[in-house]
Amino acid sequence: MEVLDGIRYSSIVKEYGGVRVLEGVSLEVKPGSIVALLGPNGSGKSTLLKMSVGLVAPDSGTVSMCGVNPVDDPVEARRRVGYLPEEPVLFESLRADEYVRFIAGVYGVQLDWGTVGEWARRLGLWEHGSKLVGELSHGNKRKLMLLTVIVRNPPCLVLDEVFSGLDPLSAVRVKAWMREAAALGRPVLFSTHILPIAEAIADRIAIIYKGRVVAQGTAHELEELYGAEGLEEVFLSVTGHEAEYRELLHVLRGGGDEDT
Amino acid sequence: MKTREIARVVAGEAAYRAKRRSVKLGMVPRQAGAQSALSANLFLTLFYLLFSGMMLVAIAASPTLESLIAIMLTTVAVVAFFNLFNVTFFAAVFFSENLYEPLRLLPLDASQTARILEAAYLLYWGGLSVTALFLPPTLAAALYRPQYAAYSLLSLAASAAVYYTTLEAGLVLGSYSRLAKSNAVFSVISAAGWVTLMVAYAFMPQLLISAVEAGNTAVQPLLAALPFVGLVLAPLYPLPALASAILTLSLMWLIHVKAGQVKAPSYHRGGRAGFRPLKPLNRIAALVVKDYELMLREPRRMAAIFYLYIFPLIFLFTPSPALMILSAAAAGTTAPVWIYIEGEGARHLYELPLTFTDIYAAKLADTLIPLALLSTLVALAAPLAGYEPWLSLLFAAVAAGEAGLMLLIFLAEIPSTPSAWTEAATGRARSMVYMLLSMALAAGVPGVGLSYAGPAAATLIGAVFAAAVAAAGYAYTGRRGAL
């Protein structure tokens, strides 16, 4: 499928029951680039990513996914976006291979079972092809969803906590796949709590805190801007935990209370 | 943590899961999972006391030994049925919902787990209330007819034995519910078992009459040799009753041992690994095939459908086209089961490029496929039952009209935001109102046509009604757009 556009969130505001979870968030992922979205739990990352397929509608602001506004046309947005939710909710009584066939049918994708098998092996899912989804571990359910995203090869990728539950080898393979997708011109947006991965793979990093994007740039730019030694320090600095961080760092490096 | 406390938590969680998943089946006792044993058992106890009251009236009205034996045999049969039905449902929920797994984390052996399950069922699911079926009538009969006290007390013993045995047997049967998810044969057997229990429930009055007649006839010597019920007849037929007692004790012991080892067996398919290159499907076919794959692994839901398919085949042999039309509409009311089969997975549908129209089309196809098979069966059997061929066409039209109408109503209730459809399910009372109203329309319109214009016109009216409902469904779901 031809890549039409990147991913764009413009001035997004969202409230739940009077509590504002997103306050004017603007973020852009250009075609061919990878952006990592970082933020503490409850900062609004998943809410923002859910907007990419119309699961949540913004109260104000606009979203554009490869040229489609998910509020206006959620069906087309879902076709164009390879969305991996943080919490996989699947049909527990389908077998893994039946689920792949179901997804291919719904998306109208001509499945290449050779590719499915190849990626199932790479992700460590091959042995579980005949198992009921309900029998899979949490990590394997996420891998199964990721497998369907990979094999349908969508033009936009939005991956919520994509590395959660992946073993190191699978994580390396997924990183390589994300790089390949970006090299083909696809915009890739992913959220993670694993800062070294964000630093290693993302072209740009956005840190979201209390519903606002509080920092944005390349890892190098952010470190320079905040005079930090690494992304971890940047993250804790922009989220207001720098002092505690330095104290804990002192303990971790073998310092601590002089009385002990 | 004490056994009773764990039992309370287990019953509460099982009741929550059952009500969430089986909201349309109406098989969960009203107060199941209540915080206290008293409130969990109170409602059913009152319900069962009504039965006991009827038995007491019958004892008072019939002074003969024959009638007393008939009443006592009936009591044993009713205890067996209600206890087995309730405990199997409880255990099936417990095991199929994986509630066994958290218990495995606790330092409990299989026997302790079984005791916890027994306590959960008896105290917090309402199982203790079943005793209200046999304690009052047997004790009252012993006092009121002292000359036949032996029969009443033996009936009490037989009822207690059947109560305990069905309790343990239900736990064992329910523990196999996970196998039904993994193996189609187990699933079909399980569904057939549920259908049998549901049909037995529906035909309970006829079963009771049969039991009463059995108490009065020459089959008594044979009954005396059967386990449990044979005990009641011990004073009349001591030798067969001795065999019955031996059989009863053996069964009780065997089931007690089996229940003491209760655990969730799993089915392994011989280690087939890999992803089968399954045939690709288009969007609607993918939804339909997925629904059938899910249904095949949910025997209780399968039973909820096939249960209503049995009635047309029974009514076919009554000389009443009106009953056939009603049973066609009843078969059509199974359509919402195909909505609720999605379970938690319904949330996932909202992430996919699907519209309400896709769902309507898929669910309509889900429903119409077995209805078409049922109509074919009706068509094949109609000549044998003395009906003309038009009956099967009218049957199909009414069933399709009702199915389309029910789907339209229930899809209208589904929220536009991601939701597990069982949680967002229509309440039981409102469902019943929808069902009655839609049946009145779907069966009534062609029924009136049949009365005034004959079978051909009625069939045409039914077909036009079904087509109009389908068109309305497409128009409505088209307006709702994406999921």
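Note that the coordinates shown come from a computational prediction; the quantities given were computed from them, not determined experimentally. (Residues numbered from 1 in each chain as written. Chains lettered and ligands numbered in written order. Predicted model: local features only at pLDDT ≥ 70, side-chain atom pairs only at ≥ 80, totals over all residues.)

Caption draft 1: Quick peek at the overall build of chain B. A count of helices and strands for chain B gives 22 helices and zero strands. Taken over the C-alpha trace, chain B has a radius of gyration of 25 Å; the compact-globule value for 483 residues is 23 Å, and the two agree within 12%. By residue count, 50% of the 483 residues in chain B fall in the buried class. In chain B, the share of contacts with a sequence separation of at least 24, taken over all contacts with a separation of at least 6, comes to 79%. (Helix = DSSP H or I, 4+ residues; strand = E, 2+ residues; numbered from the N terminus. Rg over C-alpha atoms; globule rule 2.2 N^0.38 Å. Buried ≥ 20, exposed ≤ 12 C-beta atoms within 10 Å, placed from the backbone. Contact = placed C-beta atoms within 7 Å.)

Caption draft 2: How the structure looks around the overall build of chain A. Check the secondary structure of chain A and you find 10 helices and nine strands. The C-alpha radius of gyration computed for chain A amounts to 19 Å, which stays within 12% of the reference 18 Å derived for 260 residues, consistent with globular compactness. Seen along its three principal axes, the alpha-carbon backbone of chain A occupies a region of about 65 × 45 × 40 Å. Per-residue burial over chain A gives 48% buried out of 260 residues. Considering only residue pairs separated by 6 or more positions, chain A has 66% of its internal contacts joining residues 24 or more positions apart.

Caption draft 3: Here's a closer look at the nonpolar core. In this structure, A:Y99, A:L147, B:A329, B:V398 and B:A399 are the most contacted members of the largest nonpolar core, which totals 157 residues. Broken down by element, the residue count for this core peaks at 15 residues, all from helix α20 (residues 390-412) of chain B. Both domain 1 (3-260) and domain 2 (283-480) of chain B contribute no fewer than three residues apiece to this core. Not counting the four nearest positions on each side in its chain, B:A399 is found in contact with B:A328, B:A329, B:A331, B:G332, B:L371 and B:S375. Membership of the second largest hydrophobic core comes to 73 residues, among which are B:A34, B:V79, B:A92 and B:V262. (Core = buried A, V, L, I, M, F, W, Y, C linked by C-beta atoms within 7 Å. Domains from an automatic or database assignment.)

Caption draft 4: Here's a closer look at the pairing of strand β9 (residues 212-217) of chain A. Residues and elements named next belong to chain A. In the sheet, strand β8 (residues 204-209) pairs with β9 via five bridges, with the strands oriented antiparallel. Within β9, the position partnered with Y209 by the bridge is R212. Counted between consecutive antiparallel strands, the loop separating β8 from β9 contains two residues, among which K210 sits at a positive phi close to 50°. (Pairing = 2+ DSSP bridges.)

Caption draft 5: Structural view of the domain arrangement of chain B. Annotation of chain B at the domain level lists domain 1 (3-260) and domain 2 (283-480). Between domain 1 of chain B and domain 2 of chain B, the C-alpha centre-to-centre distance is 34 Å.

Caption draft 6: The packing of helix α19 (residues 356-381) of chain B against α20(B), seen in detail. All names here are of chain B. α20 packs onto α19 with a crossing angle of 155° between their chain directions and a minimal axis gap of 9 Å. On the basis of the axis angle, α19 is roughly antiparallel to α20. Note that α19 runs across α20; the crossing there is right-handed. Across from F356, I359, Y360, K363, L364, T367, L368, L371, A372, S375, V378 and A379 in α19, the residues of α20 making contact are L391, S392, F395, A396, A399, A400, A403, G404, L407 and L411. The residue inventory of the contact of α19 with α20, partitioned by class, reads 17 nonpolar, four polar and one charged. (Axes fitted to C-alpha atoms, helices over the stretch in contact; angles between N-to-C directions. Parallel < 35°, antiparallel > 145°, perpendicular 65-115°, else oblique. Left-handed = near helix turned anticlockwise from the far one by under 90°. Nonpolar A, V, L, I, M, F, W, Y, C, P; charged D, E, K, R; others polar.)

Caption draft 7: Structural context of the sheet that holds strand β2 (residues 19-29) of chain A. All names here are of chain A. The three strands lie next to each other as β2-β1-β4, forming an open sheet whose pairing is antiparallel. The open sheet has two free edges, formed respectively by β2 and β4 (60-65), since each of these has just one partner strand. Here the average twist between neighbouring strands, direction ignored, is 20°. In terms of strand pairing, strand β1 (residues 7-16) meets β2 through eight bridges, oriented antiparallel. When the sheet's bridge partners are listed, I12 is paired in β2 with V25.

Caption draft 8: Structural detail: the pairing of strand β7 (residues 188-191) of chain A. All names here are of chain A. Burial along β7 is two-sided: the residues V188 and F190 and L189 and S191 are all buried. Judged from the four bridges that link them, strand β3 (residues 34-38) and β7 form a sheet pairing that is parallel. Residue I34 lies in a different strand from β7, and its bridge partner there is V188. Note: strand β6 (residues 156-159) against β7, three bridges, orientation parallel. By the bridge assignment, V158 is partnered in β7 with L189.

Caption draft 9: Focus on the confidence of the model for chain B. Residues and elements named next belong to chain B. For chain B, mean pLDDT is 87; residues scoring 70 or higher make up 93% of the total. By mean pLDDT, the top-scoring element of chain B is helix α14 (residues 283-296) (96), and the lowest-scoring one is helix α10 (residues 204-216) (67). Per the prediction output, this complex has pTM 0.85; the corresponding ipTM is 0.90. (pLDDT = per-residue confidence, 0-100.)

Caption draft 10: Layout of helix α22 (residues 455-480) of chain B. All names here are of chain B. Taking 1.5 Å of rise per residue, 26 residues should cover 38 Å, and α22 covers 37 Å from first to last C-alpha, within 8% of that figure. If you follow the buried residues of α22, they end up packed against α19, α20 and α21 (428-453). G481 sits one or two positions beyond α22 and adopts a positive phi of about 70°. (Expected span 1.5 Å × (residues − 1).)

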